Amino acid sequence: MRPLPGAPGVAAAAALLLLLLPRAQADEHEHTYQDKEEVVLWMNTVGPYHNRQETYKYFSLPFCVGSKKSISHYHETLGEALQGVELEFSGLDIKFKDDVMPATYCEIDLDKEKRDAFVYAIKNHYWYQMYIDDLPIWGIVGEADENGEDYYLWTYKKLEIGFNGNRIVDVNLTSEGKVKLVPNTKIQMSYSVKWKKSDVKFEDRFDKYLDPSFFQHRIHWFSIFNSFMMVIFLVGLVSMILMRTLRKDYARYSKEEEMDDMDRDLGDEYGWKQVHGDVFRPSSHPLIFSSLIGSGCQIFAVSLIVIIVAMIEDLYTERGSMLSTAIFVYAATSPVNGYFGGSLYARQGGRRWIKQMFIGAFLIPAMVCGTAFFINFIAIYYHASRAIPFGTMVAVCCICFFVILPLNLVGTILGRNLSGQPNFPCRVNAVPRPIPEKKWFMEPAVIVCLGGILPFGSIFIEIPLSPNRRS
Ligand SMILES: *[C@@H]1O[C@H](CO)[C@@H](O)[C@H](O)[C@H]1NC(C)=O
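Residues numbered from 1 in each chain as written. Predicted model: local features only at pLDDT ≥ 70, side-chain atom pairs only at ≥ 80, totals over all residues. Heavy atoms only, no water.

## Describing the overall build of the protein chain
At step 1: For the protein chain, the count of helices and strands is 13 helices and ten strands.
At step 2: Classification of the 471 residues of the protein chain by burial places 35% in the buried group.
At step 3: Nonlocal contacts in the protein chain, meaning residues at least 24 apart in sequence, comprise 77% of its contacts between residues at least 6 apart.
At step 4: When the accessible surface of the protein chain is split by element, carbon and sulfur atoms take 64% of a total near 29,100 Å². (Helix = DSSP H or I, 4+ residues; strand = E, 2+ residues; numbered from the N terminus. Buried < 20%, exposed > 50% of the residue type's maximum accessible area, 1.4 Å probe, protein only. Contact = heavy atoms within 4.5 Å. Areas by Shrake-Rupley, 256 points an atom, 1.4 Å probe, with all protein chains shown as cover.)

Structure, rendered in structure tokens:
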């Protein structure tokens, strides 16, 4: 694929930006219902409770589908596709404010193979997720008895839905009807729906999921506090050392002011002034250096904007909107990358600015996509729902070529013209100062390992090691 100049490129970019906008125009997304209007129960994913990253399609387990076949509209956004959301119609007949008495909706013909699938799921504490009007619902697939010989499936979904006016504000699921899994039997799946008036305001309907007791979020307050104090302590220590050195240097400089010119010129430079002749020397790899600086500036801008947007708009209330927003903001802030990367490259006297622009623009997308596509192969191998659809891959590539690249070009041109001239406060020495011999622990290989150990350690401690540890 090649960026096309002119109208087709612009049209493609505009279409992609529209695709990225998190809100799709469909009835379900307005969240208002008339009496007896169809309410869709979407089945999302199923996966082990102790590894929430591992998800499969709900119907990858041999569950059966309700009799209702008419599938209503469903539009998947880019963020949802990337996060492995796979909504499938449950086939359950639910109408707004219309109670359903306990009723069988389908039957599972349990042969040996299906039983094994369920037993595997129950052994691994599988749970499934559903959505009703964008409200998530979770349920457990089944249960084993104490000695782990008999396995039971929850067959009865008791839905209690709270409404306020013409909107759905609360959903509770109770799993009942424990049925023992015996090969070559039929298992009837049933459901009931009860509508209740609720006082919860529509705007507050997601608050119950934020309640710490709902998920038992294990927030390690102590460890967060610990790290925070450590950072403050280290910053304080380093700045104290720097201040002392600087003050000592200043004291010597001012003493020198009193000497005559002869004496001063003879003495060599010392203290922090030693760096002035080399600090603005072009780096040995200006191309990759300026691309990294530009990407860093862009990541900083993206994080800041996404955090602010997430605080202002409740992004968690809509599936995948956080990721969609992040991608949108990343594409939109490409000029930042071009500006800082391009201007730094120009100041360092780089000549191959087009190459720099390409590298700067694709450094982060290539790394992220490379990692994601690699994980994707594993996901496809295990048929996990995280596998990214082909269309989504194409969409991501199109965003890179038709949105990020042109915007980056704009930023690069601006950067080169506005601040591309080297205008340093001091001259660069013709001969580089010799750098003293490094100690063994200053070698790049050691520094890379040491730098990685701290973040790796803190992540490693947070991740539960044993799959059976109860949260
Ligand atoms: C759901 O359960 C919660 C807590 O038990 C309760 O306060 C709420 O009223 C229930 N909602 C509905 C619609 O039954």
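On we go.
## Looking at the packing of helix H8 (residues 286–312) against helix H10 (residues 334–347)
At step 1: Contact geometry for H8 and H10: axes closest at 7 Å, N-to-C directions at 150 degrees. When the axis of H8 is compared with that of H10, the two are roughly antiparallel. Taken as a pair, H8 and H10 cross one another with a handedness that is right-handed. Residues Pro 286, Leu 287, Phe 289, Ser 290, Ser 291, Ile 293, Gly 294, Ser 295, Cys 297 and Gln 298 of H8 touch H10, and the partners they reach there are Ser 334, Val 336, Asn 337, Phe 340, Gly 341, Leu 344 and Tyr 345. (Axes fitted to C-alpha atoms, helices over the stretch in contact; angles between N-to-C directions. Parallel < 35°, antiparallel > 145°, perpendicular 65-115°, else oblique. Left-handed = near helix turned anticlockwise from the far one by under 90°.)

## Quick notes on unusual backbone geometry
At step 1: Residues other than glycine seldom take positive phi values, yet His 125 does so here, at roughly 55 degrees.
At step 2: Here His 125 is to be found in the loop between helix H3 (112–123) and strand S5 (126–132).
At step 3: For His 383, which is not glycine, the phi torsion reads 55 degrees and is therefore positive.
At step 4: Within the secondary structure, His 383 is located in the loop between helix H11 (353–381) and helix H12 (390–419).

## Re the site of the ligand
At step 1: Around the ligand, a shell composed of Glu 160, Ile 161, Gly 162, Asp 170, Asn 172 and Lys 196 is seen.
At step 2: Measuring from an oxygen atom of the ligand, one finds a side-chain N or O atom of Asn 172 at 2.2 Å.
At step 3: Between the ligand and Lys 196, the relevant distance is 3.2 Å, taken from an oxygen atom to a side-chain nitrogen or oxygen of the residue.
At step 4: Here the ligand loses 46% of its free accessible area of 360 Å² to cover by the protein chains.
At step 5: Those elements that provide at least two residues to the shell around the ligand are strand S8 (151–164) and strand S9 (167–180). (Near = heavy atom within 4 Å. Polar contact = N/O pair within 3.5 Å; in protein donor to acceptor, adjacent residues only side chain to side chain.)

## Side note on the nonpolar core
At step 1: Of all hydrophobic cores here, the largest spans 48 residues; its most connected members are Ile 94 and Val 141.
At step 2: Secondary-structure elements contributing two or more residues to this core are strand S1 (41–48), strand S4 (100–110), H3, S5, strand S6 (135–140), S8, S9 and strand S10 (185–197).
At step 3: When sequence neighbours within four positions are dropped, the list of residues in contact with Val 141 reads Val 46, Leu 61, Phe 63, Phe 118, Ile 122, Tyr 126, Trp 127, Tyr 128, Leu 153 and Trp 154.
At step 4: Counting 16 residues, the second-largest nonpolar core is a separate cluster that includes Val 329, Tyr 330, Ile 399 and Val 403. (Core = buried A, V, L, I, M, F, W, Y, C linked by side-chain atoms within 4.5 Å.)

## Things to note about the side chain of Ser 190
At step 1: On the secondary structure map, Ser 190 appears in strand S10.
At step 2: With residues up to four places along the chain from it excluded, the contact list for Ser 190 reads Ala 103, Thr 104, Tyr 105, Thr 155, Tyr 156 and Lys 157.

## Description of the UniProt feature "transmembrane region" (unreviewed entry) in the protein chain
At step 1: When the UniProt feature table is mapped onto this chain numbering, "transmembrane region" (unreviewed entry) sits at residues 221–243, 287–312, 324–346, 358–382, 388–410 and 440–461.
At step 2: The annotated region residues 358–382 carries 96% helix and 0% strand content, and the separation between its end C-alpha atoms amounts to 35 Å.
At step 3: Here residues 440–461 runs as 82% helix and 0% strand, with 29 Å between its end C-alpha atoms. (UniProt positions renumbered as here; feature names shortened; annotations may be inferred.)

## Points about the pattern of salt bridges
At step 1: Counted under the stated rule, the structure contains 14 salt bridges.
At step 2: Here Arg 205 and Asp 133 are joined by a salt bridge, their closest N and O atoms 2.8 Å apart. On the criterion of sequence distance, the pair formed by Arg 205 in the loop between S10 and helix H4 (207–210) and Asp 133 in the loop between S5 and S6 is long-range, its members being 72 residues apart. Neither residue differs from the other here; Arg 205 and Asp 133 are each classed as buried.
At step 3: For Lys 208, the salt bridge goes to Asp 170, with nearest N and O atoms at 2.7 Å. Here Asp 170 lies in strand S9 and Lys 208 lies in helix H4, a separation of 38 residues in the sequence.
At step 4: One continuous salt-bridge network, built from bridges that share partners, spans Glu 80, Asp 134 and Arg 319. (Salt bridge = Lys/Arg side-chain N within 4 Å of Asp/Glu carboxyl O.)

## A closer look at helix H6 (residues 221–258)
At step 1: For H6, spanning 38 residues, the distance from its first C-alpha to its last is 56 Å, which sits close to the expected 56 Å at 1.5 Å a residue.
At step 2: For H6, the set of buried residues is Asp 249, Tyr 253 and Glu 256. (Expected span 1.5 Å × (residues − 1).)

## Some thoughts on the environment of Gly 177
At step 1: Relative to the assigned elements, Gly 177 resides in strand S9.
At step 2: Once the C-alpha coordinates of Gly 177 and Ser 190 are considered, the two residues, 13 residues apart in sequence, prove to be 8.7 Å apart.
At step 3: Once you skip the residues sitting within four places of it in the chain, Gly 177 turns out to touch Leu 153, Trp 154, Thr 155 and Tyr 156.

## Let's talk about the state of the cysteines
Think of a disulfide as a covalent bridge from one cysteine sulfur atom to another cysteine sulfur atom.
At step 1: Under the counting rule described, the total for this entry stands at one disulfide.
At step 2: Two residues share a disulfide in this structure: Cys 64 and Cys 106, whose sulfurs sit 1.8 Å from each other. Looking along the S-S bond of the Cys 64-Cys 106 disulfide, the torsion reads about 65 degrees, which is the right-handed sense. Placement of Cys 64 in the loop between strand S2 (56–57) and helix H2 (78–83) and of Cys 106 in strand S4 is noted, with a sequence separation of 42 residues between them. As far as the burial class goes, Cys 64 and Cys 106 line up, both buried. (Disulfide = S-S within 2.5 Å.)

## Side note on the packing of aromatic side chains
At step 1: One pass over the full model with this rule turns up 23 aromatic pairs.
At step 2: Between the aromatic rings of Trp 42 and Phe 89, the centroid separation amounts to 6.3 Å while the plane-to-plane angle is 70 degrees, which identifies the pairing as edge-to-face. Taken together, the positions of Trp 42 in strand S1 and Phe 89 in strand S3 (residues 88–89) put the pair 47 residues apart, joining distant regions of the chain.
At step 3: Classification of Trp 42 as buried rests on a relative accessible area of 2%.
At step 4: Judged by centre distance (4.7 Å) and plane angle (75 degrees), the rings of Tyr 49 and Trp 127 are edge-to-face. With a gap of 78 residues between them, Tyr 49 in the loop between S1 and S2 and Trp 127 in strand S5 connect regions that are remote in the sequence.
At step 5: The structure contains a cluster of three or more aromatic residues connected by ring pairs, namely Tyr 49, Trp 127, Trp 138, Phe 206 and Tyr 209.
At step 6: Over the ring of Phe 202 we find Arg 167, and its NZ or CZ is 4.1 Å from the ring centre. (Phe/Tyr/Trp six-rings, centres within 6.5 Å; stacked < 30°, edge-to-face > 60°. Lys NZ or Arg CZ within 6 Å of the ring centre and 35° of its normal.)

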